[in-house]
Amino acid sequence: MGVPGMDLTAAGFADPALLTVVWPSQYRLDPFDWSAFSAMVALFGLVLNLALLATIYFGYRTVRDSANAQVSNILIWAASEMSGIKDDIRYIQSYKGTPGAWPKEYHLAASRVSAVHQRLAYMVCSKLIKPVHFEKMWGLPFVALWYELEPWVKDLRRKNGEPVELSEGAYSRADFETLALRYEARFGPMIANMDAAKRDLA
């Protein structure tokens, strides 16, 4: 058996018959191994999927950490706002005068305290501050201060010529009152018990 168009003697074969023995063993090409190729493709796909999952995970962590940092910064700012009016709050809570006959010092303290609480309440109502965090940190004193300042706030509205009640469309310190009323169901009874205990000790 020969190869067409080839001079076997010139190619170095003394005996053309040797081609039938030498050619298959020396020059045979093995068939392509598709099972090995499929395994390599599957392995590459697995590595690619793992890399994609790792990218998604680290991206999620970055977003989560950024959100947590933002929440922390806002709460630090809110705590700073509250800290800045501590003296005014103590003055208001210790005031024993007649409602409606407040001295100038009370008006100034009430204006500062109610303005800060209005800003914070607006941010909570707008969900710029997470309500769950704010309620846990300041829910009870927020309601207690509304009880203290409610007569002053309503007098302010009356002097401004605006409706006195929220249901009538009151504007001044509206978010302060709205948030205090939202928390009242939880903290109102606690505040009443605390006031009763103080009276018993007096």
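Our subject is the structure that appears above.
An account of the accompanying structure is given in this report.

Thresholds, definitions, all that
Residues numbered from 1 in each chain as written. Predicted model: local features only at pLDDT ≥ 70, side-chain atom pairs only at ≥ 80, totals over all residues. Heavy atoms only, no water. Phe/Tyr/Trp six-rings, centres within 6.5 Å; stacked < 30°, edge-to-face > 60°. Helix = DSSP H or I, 4+ residues; strand = E, 2+ residues; numbered from the N terminus. Buried < 20%, exposed > 50% of the residue type's maximum accessible area, 1.4 Å probe, protein only. Expected span 1.5 Å × (residues − 1). Bend = angle between axes of the 7 residues up to and from the residue. Axes fitted to C-alpha atoms, helices over the stretch in contact; angles between N-to-C directions. Parallel < 35°, antiparallel > 145°, perpendicular 65-115°, else oblique. Polar contact = N/O pair within 3.5 Å; in protein donor to acceptor, adjacent residues only side chain to side chain. Contact = heavy atoms within 4.5 Å. Salt bridge = Lys/Arg side-chain N within 4 Å of Asp/Glu carboxyl O. Arc of directions from axis to C-beta. Core = buried A, V, L, I, M, F, W, Y, C linked by side-chain atoms within 4.5 Å.

1. Quick notes on the packing of aromatic side chains
Here is step 1 of the chain: For the coordinates displayed, the defined rule picks out 10 aromatic pairs.
Here is step 2 of the chain: With 4.7 Å between their ring centres and 50° between their planes, Tyr95 and Tyr106 make a pair best called tilted. Separated by 11 residues along the polypeptide, Tyr95 in the loop between helix H3 (86-94) and helix H4 (104-125) and Tyr106 in helix H4 bring together distant segments of the chain.
Here is step 3 of the chain: Ring geometry for Phe134 versus Phe142: centroids 5.6 Å apart, planes at 80°, classification edge-to-face. By the burial criterion, Phe134 is buried, and Phe142 matches it.
Here is step 4 of the chain: What links up through ring pairs into an aromatic cluster is the set Phe134, Trp138, Phe142, Trp146, Phe176, Tyr183 and Phe187.

2. A closer look at helix H5 (residues 131-160)
Here is step 1 of the chain: Helix length check: H5, at 30 residues, gives a terminal C-alpha distance of 30 Å against a target of 44 Å (1.5 Å per residue), a shortfall beyond 12%.
Here is step 2 of the chain: For H5, the principal kink sits at Trp138 and spans about 70°; a proline, Pro141, occurs within the next four residues.

3. Focus on the packing of H5 against helix H6 (residues 174-201)
Here is step 1 of the chain: The interhelical angle for the contact between H5 and H6, taken along N-to-C directions, is 105°, at an axis separation of 6 Å. The angle between H5 and H6 places the two elements in the roughly perpendicular class.

4. Re the side chain of Ser172
Here is step 1 of the chain: Mapped onto the fold, Ser172 is located in the loop between H5 and H6.
Here is step 2 of the chain: Of the residues examined, Ser172 reaches a relative accessible area of 9% and is grouped as buried.
Here is step 3 of the chain: A polar atom in the side chain of Ser172 sits 2.6 Å from the side chain of Glu162.
Here is step 4 of the chain: Each residue touching Ser172, except ones within four places of it in the same chain, is listed here: Val153, Leu156, Arg157, Asn160 and Glu162.

5. A closer look at unusual backbone geometry
Here is step 1 of the chain: Residues other than glycine seldom take positive phi values, yet Lys127 does so here, at roughly 65°.
Here is step 2 of the chain: Along the chain, Lys127 turns up in the loop between H4 and H5.
Here is step 3 of the chain: Exposure remark for Lys127: the relative accessible area of 68% places this residue in the exposed category.

6. Observations concerning the pattern of salt bridges
Here is step 1 of the chain: By the definition in use, this model includes nine salt bridges.
Here is step 2 of the chain: The shortest N-O distance in the salt bridge between Glu150 and Lys154 comes to 2.8 Å. Here Glu150 and its partner Lys154 are both found in helix H5, four residues apart, which amounts to about one turn of the helix.
Here is step 3 of the chain: Each of Glu150, Lys154 and Glu165 takes part in one network of salt bridges that share partners.

7. Quick notes on H3
Here is step 1 of the chain: If you check which residues of H3 are buried, you get Asp88, Ile89 and Ile92. Axial view of H3: buried residues confined to an arc of 100°, hence all on one face. The exposed residues of H3 that point more than 90 degrees off its buried face are Asp87 and Arg90.
Here is step 2 of the chain: In this structure, the buried residues of H3 make contact with H4 and H5.

8. A few points about the nonpolar core
Here is step 1 of the chain: Core analysis: the largest hydrophobic core is formed by 36 residues, its most contacted members being Ile129, Phe134, Phe142 and Leu149.
Here is step 2 of the chain: At the level of secondary structure, the elements contributing two or more residues to this core comprise helix H2 (34-83), H3, H4, H5 and H6.
Here is step 3 of the chain: In terms of residues, this core owes the most to one element, H5, which gives 12 residues.
Here is step 4 of the chain: Not counting residues up to four positions away in its chain, the partners in contact with Phe142 are Met82, His117, Ala121, Phe134, Phe176, Leu179 and Ala180.

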